[in-house]
Amino acid sequence: MADFRANGVMNHIAGESVPAASGSVFETVSPVDLSVLAQVAKGGAEDIDRATAAAKEAFPLWSKTPGAERRKILIRVAEAIEARAEEIAFTECMDTGQALRFMSKAAIRGAANFRFFADQAPYAEDGAVTRTPTQMNTTSRRPIGPVGVITPWNTPFMLSTWKIAPALASGCTVVHKPAEFSPMTAKLLVEIAESAGLPKGVLNVVNGMGEDAGKRLTEHPDIKAIAFVGESRTGSLIMAQGAATLKRVHFELGGKNPVIVFEDADIDRAVDAATFMIYSLNGERCTSSSRLLVQDTIYEEVTQRVAEVAQRIKVGHPLDPETVVGPLIHPEHEAKVLSYFDTAQAEGATIATGGTKLGSDGCYVAPTLFTQARNDMAIAQEEIFGPVLTAIPFRDEDEALRIANDVPYGLAAYLWTRDLDRAMRMTDSLDAGMMWVNSENIRHLPTPFGGTKASGIGRDGGDWSFDFYMETVNVSFPR
Ligand code: NAD
């Protein structure tokens, strides 16, 4: 395994590892113990301009490389990810604090993302022929051009493959700006991809701050589209920044996702799934079930059982295979999560379990459950993005629906009931881009992924990803 403490993290432009043009660096610290993991090149506008020039230069060749050939290269990338999955997972654990049990799977899922989109590359340009008595129309797609990919710090390796693989499969070239809190694995990805045969300049990485490197990427006239995953307010900024160059945008943003448990539900399964969806991945997960809506007849029983599960969860070093909850990403984020413990009390909610920092070295926070909450409280409206669950009782279907939809977000919803008619009624009216009935979040890559309201614009997965990274063109001939 590479010694991730020994080497600085450079930018990667046109196939070369390069420092920032200004020579500036920033430190990335491990949330495990706040030790410095690496000095990272602090890219700015000049680095983005160079990376964009490299992506622009590589575009004619890559976009004209036959889809079947792109497929072969991207399958080799998937194989190379699999071969280095352990190294990726270890690095991710130390950089982000996420537990190894989840990061091992996330690294493999990164390979699966490459395989899935690679297999569609040969058909990405396909369209349709339509005819009138006088004209024949051929409709097809072509890659839009060099694109920018801006990613957040939660599960950064897997998430970046989810955006980068379809861009490359479409024939686009990429400038990737990873999150400043988790820069380690983006560099690994580009190295792996090039060692597997991805031509130089097709994938470029510029590290740096959002308001500097990220901003320039969204404003650059040669960048044709921005795929962004992050906070809703950053999405608004990016939309404004990209307006002058009419940037195509795709946003995967925040969530405050309800898990709704009716009295006729399989309570064992519902408790299992609700706790898994908030306490796995440190709760730093856009689709986490952060609001637990429980029918009032079973509210006491369910919240008590959730509290018991939360108390049993192993919080610890991310490399310990037993650990479920590791340290939160960064002291700044930890402070934000801890502040909600005061907010909850000030708002009159009860901290049924957790509500404390653990230890003094790293960013460890106890799995937490708030009860006696109302949906108008900040703890029910705002994305906390930690292992923190807010439980709210409801009387009936109408009230469950009203509470579920009464947030700015609309990413995911989880529903637990044995009544199929009710499930149909509820899923018909829930404001969410993705819903799971009697199930935790299980992803199937051909299905659309994305949110409504402040949770996003556009969908990933299946052919939706290709549609974003490609232009649809129509050519009409007389006949
Ligand atoms: P963030 O918005 O703070 O940062 C995300 C990225 O945007 C970083 O790379 C950052 O440097 C960059 N950035 C910041 N300001 C910018 C600007 N003005 N211009 C261009 N780039 C800029 O998000 P975060 O705190 O890193 O990540 C957590 C958020 O991501 C949560 O809200 C979470 O719900 C969301 N998320 C959503 C999904 C989804 O699929 N819907 C998935 C994962 C995470």
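- By the naming in an unreviewed UniProt entry, the protein is 5-carboxymethyl-2-hydroxymuconic-semialdehyde dehydrogenase, taken from Pseudooceanicola nitratireducens.
- The heading Sequence similarities (unreviewed entry) in the UniProt record of the protein holds the text "Belongs to the aldehyde dehydrogenase family."

### Overview of the nonpolar core
Okay, so step 1: Core analysis: the largest hydrophobic core is formed by 152 residues, its most contacted members being Leu74 and Leu293.
Okay, so step 2: Of the residues forming this core, the biggest block, ten residues, is contributed by helix H4 (residues 100–120).
Okay, so step 3: Once residues lying within four places of it in the same chain are set aside, the contact partners of Leu74 are Phe114, Phe117, Ala118, Ala121, Ala165, Leu168 and Ala169.

### Things to note about the UniProt feature "domain: Aldehyde dehydrogenase" (unreviewed entry) in the protein
Okay, so step 1: On the UniProt side, "domain: Aldehyde dehydrogenase" (unreviewed entry) is annotated at positions that read residues 21–474 here.
Okay, so step 2: Spanning residues 21–474, this segment combines 42% helix with 20% strand, and its end C-alpha atoms are found 42 Å apart.

### Concerning the UniProt feature "active site" (unreviewed entry) in the protein
Okay, so step 1: Feature annotation in UniProt assigns "active site" (unreviewed entry) to the following positions: Glu252.
Okay, so step 2: Tracing the sequence through the fold places Glu252 in strand S11 (residues 248–252).
Okay, so step 3: Since 27 C-beta atoms lie within 10 Å of it, Glu252 is described here as buried.
Okay, so step 4: Discounting chain neighbours no more than four positions away, the residues touching Glu252 are Val229, Cys286, Gly450, Gly456 and Asp460.

### Looking at the site of the ligand
Okay, so step 1: If you check the shell around the ligand, you find 32 residues, and the closest are Pro152, Gly210, Gly214, Gly230 and Cys286.
Okay, so step 2: Elements with a contribution of two residues or more to the shell around the ligand: helix H7 (210–219) and helix H8 (232–241).
Okay, so step 3: In terms of residue count, H7 provides more of the shell around the ligand than any other element does, five residues in total.
Okay, so step 4: Grouping the constituent residues of the shell around the ligand by class yields twelve nonpolar, 13 polar and seven charged.
Okay, so step 5: When residues are assigned to domains, the shell around the ligand turns out to be shared by domain 1 (1–253 + 455–474) and domain 2 (258–437), each giving three or more.

### So, the domain arrangement of the protein
Okay, so step 1: For the protein, the assigned domains are domain 1 (1–253 + 455–474) and domain 2 (258–437).
Okay, so step 2: The distance between the C-alpha centroids of domain 1 and domain 2 comes to 31 Å.
Okay, so step 3: Taken together, the 21 residues of domain 1 in the interface contact 26 residues of domain 2.
Okay, so step 4: Within the residue set of the side of domain 1 that touches domain 2, elements represented by two or more residues are helix H3 (85–96) and H4.

### Let's talk about the environment of Leu415
Okay, so step 1: Note on placement: Leu415 falls in strand S20 (residues 412–416).
Okay, so step 2: In sequence terms Leu415 and Ala270 are 145 residues apart; their C-alpha atoms lie 8.8 Å from each other.
Okay, so step 3: Setting aside its immediate chain neighbours within four residues, Leu415 contacts Ile260, Ala423, Met426, Thr427, Met435 and Val437.

### Overview of the sheet that holds strand S21 (residues 434–437)
Sheet strands pair via backbone hydrogen bonds, and the direction of the pair is either parallel or antiparallel.
Okay, so step 1: Spatially, S14-S17-S18-S13-S12-S20-S21 is the arrangement adopted by the seven strands of the open sheet, whose pairing is mixed. If you trace the sheet from one side to the other, it starts and ends with strand S14 (350–353) and S21, each paired once. For this sheet, the mean inter-axis angle between neighbouring strands, taken without regard to orientation, is 25°.
Okay, so step 2: In terms of strand pairing, S14 meets strand S17 (residues 368–371) through three bridges, oriented antiparallel. Looking at the pairing, Ile351 lines up with Phe370 of S17.
Okay, so step 3: Relative to the sheet, helix H13 (residues 397–405) contacts strand S12 (258–261), strand S13 (291–295), strand S18 (388–394) and S20, its axis offset from that of S18 by approximately 145°.

What counts, and where the lines are drawn
Residues numbered from 1 in each chain as written. Predicted model: local features only at pLDDT ≥ 70, side-chain atom pairs only at ≥ 80, totals over all residues. UniProt positions renumbered as here; feature names shortened; annotations may be inferred. Core = buried A, V, L, I, M, F, W, Y, C linked by C-beta atoms within 7 Å. Buried ≥ 20, exposed ≤ 12 C-beta atoms within 10 Å, placed from the backbone. Helix = DSSP H or I, 4+ residues; strand = E, 2+ residues; numbered from the N terminus. Contact = placed C-beta atoms within 7 Å. Near = placed C-beta within 6 Å. Nonpolar A, V, L, I, M, F, W, Y, C, P; charged D, E, K, R; others polar. Domains from an automatic or database assignment. Pairing = 2+ DSSP bridges. Axes fitted to C-alpha atoms, helices over the stretch in contact; angles between N-to-C directions.

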